[in-house]
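Structural overview
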Amino acid sequence: MKRKKISETIENINPKYIDEATEYTGAVKSNSKKVWYKWVAAAACFALVFAIGFPFAKDLLISPGQKDTVEPIIMVEYDNSYLEVIEDSKSIKKFGLEKEITEEIIGSHIVYLKKAVPEAEYSNYIVSNEETNMELFEYAPAPYKAVRILRDGDKYYYAWFCNYLVEDNESMPIQNAFDVFGIDEASDIISITPIKTDNTWKANGKVITDKSVISNFYIEISKLTAYSFDEYHEIVFAEELEKYEDEGGGDIGSEAYTQVADDVKAIVIETKEGLRFKISYYPSYGWINISKTMSYYQMSPEIKEWFEVNIK
């Protein structure tokens, strides 16, 4: 099964589901690896449900009587990847897009689309082999995979690149993420900014614009080996898995996974066209995660030093 985009929008999740995930201890003792992955799946499922693009997700996540503020997330499935249809002003500003979609920024036609569920009010879009009144265009200011423009009838929306469709046991080089934003060399990056990890992307440190510092970052991060979701969890949580086998059980899941989550920090890369995307990293554990490729990258001594010296 292909993993979907893990949404960052969790403010309105019913606490019941978070509690159930973080309190999961696992009852099966015969296969510790499966137990561990069950816990990981439970911890992630409340976020994954955002990516399905159907309205029943709202019923799962909103408590009775709670204000209905979670909107269905609609995806465009194209070119072995997911793009999220966005129209809220905060996301548009955060990603570095033009405030309004005008004729000047609508680029060349890419492909015609259709709704995956034609009769549904909310439905993902998929490629159509025939001409329809729905289509995908390039974003003229930056004609890359990072952002497209969706036309549905007489309405236009941004379609922001979420992630490649990658299996749990597959990984992709970091350069694939840079390619999404048209970054072929260090000079295509104009700034690197430490940000808060609360989904606001507000600066949390000094903005880096020095070309030599940015060049060093690009060179060193491009050398890192890619690891799949499965490989990452096997390496990072190997000791916990072994302890579980030796001791015959116990709540290793919530404690270990929470420690890693608490360690996360993030930076935002801004391109010469003004587009922005986030890279997460875990300084204590020595890992980098890029959601665009759904892959993990183990830090080298050189990239560790870069973060320690330059992120203030």
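Parameters at a glance
Residues numbered from 1 in each chain as written. Predicted model: local features only at pLDDT ≥ 70, side-chain atom pairs only at ≥ 80, totals over all residues. Heavy atoms only, no water. Pairing = 2+ DSSP bridges. Helix = DSSP H or I, 4+ residues; strand = E, 2+ residues; numbered from the N terminus. Axes fitted to C-alpha atoms, helices over the stretch in contact; angles between N-to-C directions. Buried < 20%, exposed > 50% of the residue type's maximum accessible area, 1.4 Å probe, protein only. pLDDT = per-residue confidence, 0-100. Contact = heavy atoms within 4.5 Å. Core = buried A, V, L, I, M, F, W, Y, C linked by side-chain atoms within 4.5 Å. Salt bridge = Lys/Arg side-chain N within 4 Å of Asp/Glu carboxyl O. Polar contact = N/O pair within 3.5 Å; in protein donor to acceptor, adjacent residues only side chain to side chain. Arc of directions from axis to C-beta.

**Some thoughts on the sheet that holds strand β2 (residues 81–86)**
The strand order around the closed barrel built from seven strands is β1-β2-β7-β6-β5-β3-β4, with neighbouring strands paired in mixed fashion. For this sheet, the mean angle separating the axes of adjacent strands, direction not counted, is 35°. In terms of strand pairing, strand β1 (residues 75–78) meets strand β4 (residues 125–127) through two bridges, oriented parallel. Bridge assignment links Val76 to a residue of β4, and that residue is Tyr125.

**Quick word on the pairing of strand β11 (residues 276–282)**
With five of seven residues buried, β11 is to be regarded as a mostly interior element. With antiparallel pairing between neighbouring strands as the criterion, strand β10 (residues 265–271) and β11 make up a hairpin whose turn holds four residues, including Gly274 at a positive phi of roughly 90°. With three bridges connecting them, β11 and strand β12 (residues 287–290) associate as antiparallel partners. Note that in β12 the partner of Tyr282 across the bridge is Trp287. Between β11 and β12, which pair antiparallel and follow one another directly, the connecting turn spans four residues, one of which, Gly286, has a positive phi of 75°.

**Regarding unusual backbone geometry**
Phi angles above zero are rare outside glycine, and Asp79 is one such case at about 55°. Looking at where Asp79 falls in the secondary structure, it is placed in the loop between β1 and β2. Not every positive phi belongs to a glycine, and Trp201 is a case in point at roughly 65°. Along the chain, Trp201 falls in the loop between β8 (189–195) and α6 (211–222).

**Notes on the confidence of the model for the protein**
Residues at a pLDDT of 70 or more form 72% of the protein, whose mean pLDDT is 81. Long-range and interchain partners of residues 1–68, a stretch whose pLDDT sits below 50, account for 120 contacts in this model, where long-range means more than four residues apart.

**Some details on the nonpolar core**
With 53 residues, the main nonpolar core has Leu97, Phe217, Ile288 and Phe307 as its most contacted residues. Residue contributions to this core peak at five residues, all from α6. Discounting residues that sit within four places of it in the chain, Leu97 has contacts with Ile86, Ile92, Tyr139, Val147, Tyr158, Trp160 and Leu275. Of all hydrophobic cores here, the second largest spans twelve residues; its members include Leu83, Val85, Leu113 and Met134.

**Digging into the sheet that holds β12**
Pairing in this open sheet of six strands is antiparallel, and the strands run β8-β10-β11-β12-β13-β9 from one edge to the other. Here the strands that pair on one side only, and so sit at the sheet edges, are β8 and β9 (226–227).

**Side note on the pattern of salt bridges**
Here the structure, examined in full by the defined rule, presents six salt bridges. Ionic pairing is found between Glu135 and Arg151, a salt bridge with its closest N-O pair at 2.9 Å. With Glu135 in strand β5 (residues 134–139) and Arg151 in strand β6 (residues 147–152), this residue pair connects regions lying 16 residues apart in the sequence. Across the pair, exposure class does not vary: Glu135 and Arg151 are buried alike. Connected via shared salt-bridge partners are Asp188, Lys272 and Glu273.

**Overview of the side chain of Ser228**
Looking at where Ser228 falls in the secondary structure, it is placed in the loop between β9 and α7 (229–236). A polar contact is formed between the side chain of Ser228 and the backbone oxygen of Asp168, at a distance of 3.4 Å. Those residues in contact with Ser228 that lie beyond four places of it in its chain are Asp168, Asn169, Glu170, Ser171 and Tyr296.

**So, the environment of Ala140**
With respect to the element layout, Ala140 can be found in the loop between β5 and β6. On the accessibility criterion, Ala140 (37% relative accessible area) is partly exposed. Distance in space between the C-alpha atoms of Ala140 and Glu104 is 7.4 Å, their sequence separation being 36 residues.

**Side note on helix α10 (residues 301–310)**
Among all positions of α10, only Ile303, Trp306, Phe307 and Asn310 are buried. Axial view of α10: buried residues confined to an arc of 95°, hence all on one face. For α10, the exposed residues lying more than 90 degrees away from the buried face are Pro301 and Glu308. Where the residues of α10 are buried, they touch β8, α6, β10, β11 and β12.

**Quick look at the pairing of β10**
When you tally the buried positions in β10, you get six out of seven residues, the bulk of the element. Sheet topology places β10 next to β11; six bridges connect them, and they run antiparallel. When the bridges of β11 are listed, Ala266 appears paired with Ser280.

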